[in-house]
Amino acid sequence: MSEATRTRPATTAAAESPWLVMAEQELRDLWLSGRGLAVMLAHTTLLSITTYLIATNQELNFLEQREAVALTVQVTVAVGGLLVVLVAADAVSGERERGTLETLLLTPVPRRSLLIGKGVAAMSLWFGAFLLALPYLWWIGRDVGTFGSAAAGTFLAGTLLALFLTGVGLLVTTFSQSNGLSLALSFFLLLGLYAPHQLPAEASRGWAGETLLKLDPFTSALLYLERLVINAHTLTQDLPLLVVPALAAAGILTLALALAGRLSLLPRSG
Amino acid sequence: MRTLPARLGLLAATLAALLPLGFAGGAAAQSEPAAPAVEVRLDQDAATAGPGERISFESTVTNASELARTGLVAHLSILTTDPDVYVDPEDWSAQRTQYVDELAPGASTTLTWDVQAVTSGPLVLFVSVTGEAAGPVASSGPLDLTVGGQREVDSGQVLGLVLWTPAGVLALLGATLVRRRRHR
Amino acid sequence: MDVITGGTGQVAGGTRPQTGPALETHGLTRSYGARVAVDSVELLVERGVVLGLLGPNGAGKTTLIRMLSTVLRCDAGSFRVAGVAHTDPVRIRRAVGVLPESAGYPRGQTCEEWLTLHARLFGVRRRDARALAARLLGEVGLEDRRRSLIAGLSRGMRQRLGIARALVNDPEVVFLDEPTLGLDPFGQRQVLDLVTRIAREHGVTVVLSTHVLDEVEQICDRVVILNRGRVVADGTMAEVVRRAAAPREGRLEVPADHRARALDTLAAHHVPAEPGANGHLGMVRLELPGDVAPEDSSAAALRCLLDAGVPVLGFSVEGGRLSDAFLRVTRGDGDE
Ligand SMILES: Nc1ncnc2c1ncn2[C@@H]1O[C@H](COP(=O)(O)OP(=O)(O)O)[C@@H](O)[C@H]1O
Ligand SMILES: [Mg+2]
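The rules we used
- Residues numbered from 1 in each chain as written.
- Chains lettered and ligands numbered in written order.
- Predicted model: local features only at pLDDT ≥ 70, side-chain atom pairs only at ≥ 80, totals over all residues.
- Heavy atoms only, no water.
- Near = heavy atom within 4 Å.
- Areas by Shrake-Rupley, 256 points an atom, 1.4 Å probe, with all protein chains shown as cover.
- Helix = DSSP H or I, 4+ residues; strand = E, 2+ residues; numbered from the N terminus.
- Nonpolar A, V, L, I, M, F, W, Y, C, P; charged D, E, K, R; others polar.
- 1 Å grid on protein atoms, 1.4 Å probe; cavity = no way out; pocket = protein on both sides within 12 Å on 5 of 7 lines; lining within 4 Å.
- Points joined across faces, edges and corners; volume = space filled by probe spheres on them.
- Pairing = 2+ DSSP bridges.
- Contact = heavy atoms within 4.5 Å.
- Axes fitted to C-alpha atoms, helices over the stretch in contact; angles between N-to-C directions.
- UniProt positions renumbered as here; feature names shortened; annotations may be inferred.
- Donors = N, O, S within 2.8 Å, 3.2 Å for Na, K, Ca; no water.
- Buried < 20%, exposed > 50% of the residue type's maximum accessible area, 1.4 Å probe, protein only.
- Domains from an automatic or database assignment.
- pLDDT = per-residue confidence, 0-100.
- Patch = residues over 30% accessible without salt bridge, like charges linked within 9 Å, V, L, I, M, F, W, Y side chains within 5 Å.
- Salt bridge = Lys/Arg side-chain N within 4 Å of Asp/Glu carboxyl O.

1. Details of the site of ligand 1
In the vicinity of ligand 1, 13 residues are found, and the nearest of them are R35, G58, K61, T62 and T63 of chain C. What surrounds ligand 1 is not a single chain but chains A and C. Computed on the free molecule, ligand 1 has an accessible area of 560 Å², of which 72% lies beneath the protein chains in the complex. Ranked by the residues each element gives to the shell around ligand 1, the list is headed by helix α1 (residues 61–68) of chain C, at 3 residues. Split by residue class, the shell around ligand 1 holds 5 nonpolar, 5 polar and 3 charged.

2. Topic: the layout of surface pockets
Leftover empty space is mapped by rolling, across the atoms, a probe with the size of a water molecule. The space that makes up the largest pocket amounts to roughly 570 Å³. What lines the largest pocket is a set of 27 residues, among which D29, R35, E95 and R98 of chain A together with P106 of chain C lie closest to the centre. If one sorts the elements of the lining of the largest pocket by residue count, helix α4 (residues 65–98) of chain A sits on top with 6 residues. Its residues assigned to classes, the lining of the largest pocket comprises 11 nonpolar, 7 polar and 9 charged.

3. Structural notes on the sheet that holds strand β5 (residues 76–81) of chain C
Residue and element names in this part refer to chain C. Spatial strand order, β3-β2-β5-β6: 4 strands in an open sheet with antiparallel pairing. Each having just a single partner strand, β3 (35–45) and β6 (84–85) make up the two edges of the open sheet. Each of β2 (23–32), β3 and β5 is contacted by α1, which is oriented at about 120 degrees to β2, the strand it contacts most.

4. Overview of the UniProt feature "transmembrane region" (unreviewed entry) in chain B
Per the UniProt record, the feature "transmembrane region" (unreviewed entry) sits at residues 158–178 of chain B. In the segment residues 158–178 of chain B, helix accounts for 100% and strand for 0%; the C-alpha atoms at its two ends are 30 Å apart.

5. Notes on the coordination of the magnesium ion (ligand 2)
All names here are of chain C. Distances from the magnesium ion (ligand 2) to its protein donors, T62 (OG1) and E101 (OE), fall within 2.0 to 2.2 Å. Taken together, the residues span a long stretch of sequence, with T62 in helix α1 and E101 in the loop between β7 (96–99) and α3 (111–121) at a distance of 39 residues. Since its relative accessible area comes to 14%, T62 is described here as buried.

6. Structural notes on the domain arrangement of chain C
Segmentation of chain C into domains returns domain 1 (23–242) and domain 2 (247–319). For domain 1 of chain C and domain 2 of chain C, the distance between their C-alpha centroids amounts to 45 Å.

7. Side note on the confidence of the model for chain B
Of all residues in chain B, 72% have pLDDT values of 70 or greater, and the mean over the chain is 75. Per-residue pLDDT, averaged within each element of chain B, yields its smallest value for helix α1 (residues 3–28) of chain B (42) and its largest for strand β1 (residues 38–42) of chain B (91).

8. A short note on a nonpolar patch on the surface
Taken together, I49, Y52 and L53 of chain A together with L159, L163 and W164 of chain B make up a surface patch of nonpolar side chains, about 610 Å² in accessible area. Taken together, the elements giving at least two residues each to the nonpolar patch come down to α2 (35–56) of chain A together with α3 (155–181) of chain B. Mapped onto the fold, L53 of chain A is located in helix α2. Its relative accessible area of 37% is what places L53 of chain A among the partly exposed residues.

Okay, here's the thing in structure tokens:
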């Protein structure tokens, strides 16, 4: 029986939370590599184009200012949601495909912490998209006094949607055979959830149609924002509309984290 | 607001029914016009606003008769004198009809009107009041509202925003890439 | 085998007693669908050993290492790594360091950043982690690449970085899965030197998976040969070669006019022999049994020739190398 003793670096005692360590690295990877800023550049360019058209084009200018604010809000939520879902959908399947998943699984960190760290990074893109939309929201809405409520409401509803999409992406990526599949699946899920909101009003008539629409977190959240910005409702007036997005976000994140233990090197078998 | 057109229709019908009476009355009272039972006065007669701005003004409704009045209806009209300008009053104000339940003889009440200037142009706003019965319609004097031209595109300002925000992001991106390059 | 004891009680921040063998498996099995990749593997590896895990492509080396390092579940069987039972994967992960087969590296991170991250994921605090990263980079000869992006490293450098990463938790057992795959001879040399040095300086048990037999002959104390998921040979180099009973080839040179008599004499003593090739009239090739030490078998053959008065100009023995044993026990199986 060998009884050799050896020294090792101080570990365990008062160690940092692994999800924080993971999140820190993921945020560095995302923002210091320039990837995050590149998509933010695309986002602000898009907002600049719409804002310039709103400001200079007679036709668009006839768009009531509140509608212009609502348009900016929608663009921000859509772009932010798209970025969040794509980054979350890359979280596991991307590492698997790049061959870097195994070293992460070799650490004693719970799988759940890995997912949380990556989810935080995905969420940061939404916060970036939101922050950069603020100057535009202020400029377009400065005469109609909507800035405060539009900003607060966008933050609230958009964050719920972003959390929901983070859950969707993480769930899909954990079990996808390939990264391409994960990205495509998440993207089409996003489109599917966004589409009902764009349906003509007639389609949403009737009890069944309305219920169905309200069960789509996107439709509810966008309706909330529409009423807030266009109809000048208060922040709390339509809060019930945010119940579905909030429940959807909580539900899917819980599911994704509950199934995190099934995360494995090979997508199907452990 | 489904009832609003109905009410307007009722109002129009009432006005139409009153028309011959008015003419007759006018002819009969040529020497001594009947004192209007109700008077309406606006707190201002001219205002200016930029497009998209909200303005607010008050009308005072006074019961100049000896009798208590009930069921008075006050209505805000918005029209333009420029035939090239299109005005849809519904865009301008969500509430253009207000009711006065009861007004004692000699008493007065103040109604507040909120309007958002949607289109530019010369506009006339006035408030008319009538009772439930086929009584006379009292109108306020006009409020001349001048809505300035389409917002001058403050190109400096909007360009500042639409150029400087992406430029700021671009600068950050450049700084990051330069920093990264040093690690090669 | 009294070395099998309970888990190692790890004392936080200080010392840890090492109990039990480095590796122990019982009936370890894993299939992919209908394909059995690792089949009832029994192993017992003492501490401090450098073990060569050999086998043709598809033999199950990677699958075995992945199971032992807890990133793949096993279908059946049990194992202990560094005294920790397989039912406690987190503690096993704390005790092992792995260089995975054809591992990927985050191209956008610097060497230091990546090592620091992994040290922190093992619970080392940030500042200690950075110091540790610097030390390990020095150890693998990448000190001047600390702040380089991994994307800019050569393959050999990346492998050495991967080995440094496998050491961030000061492991008791290190698994290296084909660490020299795709490296040029110089890169291979560097990696092998590094492995030898680490085994010596860190006093760790090393499991080196490879199908390059030279490597194993150079640095391993012990070899295990896997074929189609089964252990087909296990022991020291000499044991494996002997047990594989790979025949050796003796090359005899006699004066040309003595060759016929040499062949007759060898045949009379039941030593299989035939005229040598190359048109050289004095060459004789003889087959020596693999299960007898070569010095004994060749001495017997030479003695009978000398006794018969055949002059011997030269004699050499070929074979008896690991590669012969390997080919014999695997019979050229493999995916490719
Ligand atoms: N992910 C997988 N899915 C299906 N079969 C696999 C998988 N990985 C390995 N195999 C099969 O299992 C066997 C063992 O493979 P592996 O452990 O990679 O062998 P080695 O590392 O010795 O080359 C091979 O036949 C291989 O084809
Ligand atoms: Mg392999």
